[in-house]
Amino acid sequence: NGNYFQKYSGSGWSAGKTIYYPDGTGSPDSEDLTFDDAGYVYVSSERNNAKSTKSRLSILRYNIGGTSTKLTATTEWDLTSDLPNVDPNLGLEAITWIPDSFLTSHNFFDAHLKKVYDPSDYPQHGNGLFFVG
């Protein structure tokens with residue numbers, strides 16, 4: 001309610017919901033989550049618990065509408081090959097989404113292009129950026 005945590009039990013959430021990879025399988029080792037401005041939930045995961053000896057550093061997007069107790073990711077961004085090698089239970093521990101309006105108003109520096117961030121340099125990227133740690 002903005003002041004303290006309240007358990008939400010509507011729309012099938014009374015016992016929580018189980019998340020899956022886009023193909024409907026697996027057991028993402030979820031570490032953190034964030035929302036974007038469209039209401040999607042994004043989960044950072046460091047491995048598939050069903051194959052726990054191998055890293056799978058992923059960001060998974062979920063549409064949390066509906067009453068099903070199972071959520072299948074609509075999209076997966078597998079960052080494993082983009083990041084340094086880590087042990088299977090190490091990796092993406094945190095995620096947040098920051099809107100472009102905040103980034104541009106604070107002159108966020110784009111280290112990749114070596115200049116102030118300009119959303120138009122990244123067509124079809126959405127309305128903000130994700131930061132993972």
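Coordinates for the structure precede this section.
For clarity, every value in this text was computed on a predicted model and none was experimentally measured.

**Looking at the environment of arginine 56**
Looking at the secondary structure, you find arginine 56 in strand 4 (residues 55-62). Judged by its relative accessible area of 25%, arginine 56 is partly exposed. Placed 24 residues apart in sequence, arginine 56 and threonine 80 show a C-alpha to C-alpha distance of 5.8 Å. Ignoring anything within four residues of it in the chain, the contact list for arginine 56 reads Tyr21, Ser45, Glu46, Arg47, Asn48, Glu76, Asp78 and Thr80. Within polar-contact distance, the side chain of arginine 56 engages the side chain of glutamate 76 at 2.9 Å.

**Comments concerning the pairing of strand 2 (residues 28-35)**
With six bridges joining them, strand 2 and strand 3 (residues 41-48) adopt antiparallel strand pairing. Of the residues in strand 3, the one forming a bridge with serine 30 is serine 45. Counted between consecutive antiparallel strands, the loop separating strand 2 from strand 3 contains five residues, among which glycine 39 sits at a positive phi close to 90°.

**Some thoughts on the pattern of salt bridges**
What the rule picks out here adds up to three salt bridges. A salt bridge links arginine 56 to glutamate 76, with the nearest nitrogen and oxygen atoms 2.9 Å apart. Here glutamate 76 lies in strand 6 (residues 75-78) and arginine 56 lies in strand 4, a separation of 20 residues in the sequence. Taking relative accessible area as the criterion, glutamate 76 reaches 22% and is therefore assigned partly exposed.

**Describing unusual backbone geometry**
Within the chain, asparagine 107 stands out as a residue other than glycine whose phi angle is a positive 50°. Looking at the element boundaries, asparagine 107 is found in the loop between helix 1 (100-105) and strand 8 (109-110). Non-glycine residue glutamine 124 carries a positive phi angle of around 60°. Among the secondary structure elements, glutamine 124 is positioned in the loop between strand 9 (115-116) and strand 10 (128-132). Judged by relative accessible area, which is 85%, glutamine 124 ranks as exposed.

**Side note on the sheet that holds strand 2**
The four strands are arranged 2-3-4-6 in an open sheet whose pairing can be described as antiparallel. Every other strand in the sheet has two partners, leaving strand 2 and strand 6 as the edge strands with one partner each. Going across the sheet, the axis of each strand differs from the next one's by a mean of 25°, ignoring polarity. Taken together, the four bridges between strand 4 and strand 6 define a ladder with antiparallel strand orientation. Residue pairing across strands places isoleucine 59 opposite tryptophan 77, the latter belonging to strand 6.

About the cut-offs
- Counting restarts for each chain, with residues numbered from 1 along the sequence as it is written.
- Residue-level local features of this predicted model are given only where pLDDT is at least 70; pairs of side-chain atoms are given and counted only at 80 or more, and the full residue set underlies all totals for whole chains, interfaces and linings.
- Excluded from the side-chain calculation are hydrogens and water; included are all heavy atoms of the structure.
- Every helix listed is a DSSP run of H or I at least four residues long, and every strand listed is a run of E at least two residues long, numbered separately from the N terminus.
- Relative accessibility decides the category of a residue: with a 1.4 Å probe and only protein chains considered, values under 20% of the type maximum give buried, values over 50% give exposed, and everything between is partly exposed.
- The contact criterion used throughout is that any non-hydrogen atoms of two residues lie within 4.5 Å.
- For this analysis, a polar contact is any N or O atom pair within 3.5 Å, provided that within protein one partner can donate a hydrogen and the other can accept it, and provided that sequence-adjacent residues contribute only side-chain to side-chain pairs.
- At least two DSSP bridges between two strands are needed for those strands to be called paired.
- Definition used for salt bridges: Asp or Glu carboxyl oxygen within 4 Å of a side-chain nitrogen of Lys or Arg.
- Every axis in this analysis is a line fitted to C-alpha atoms, fitted for helices over the stretch in contact. Angles between the N-to-C directions lie between 0 and 180 degrees.

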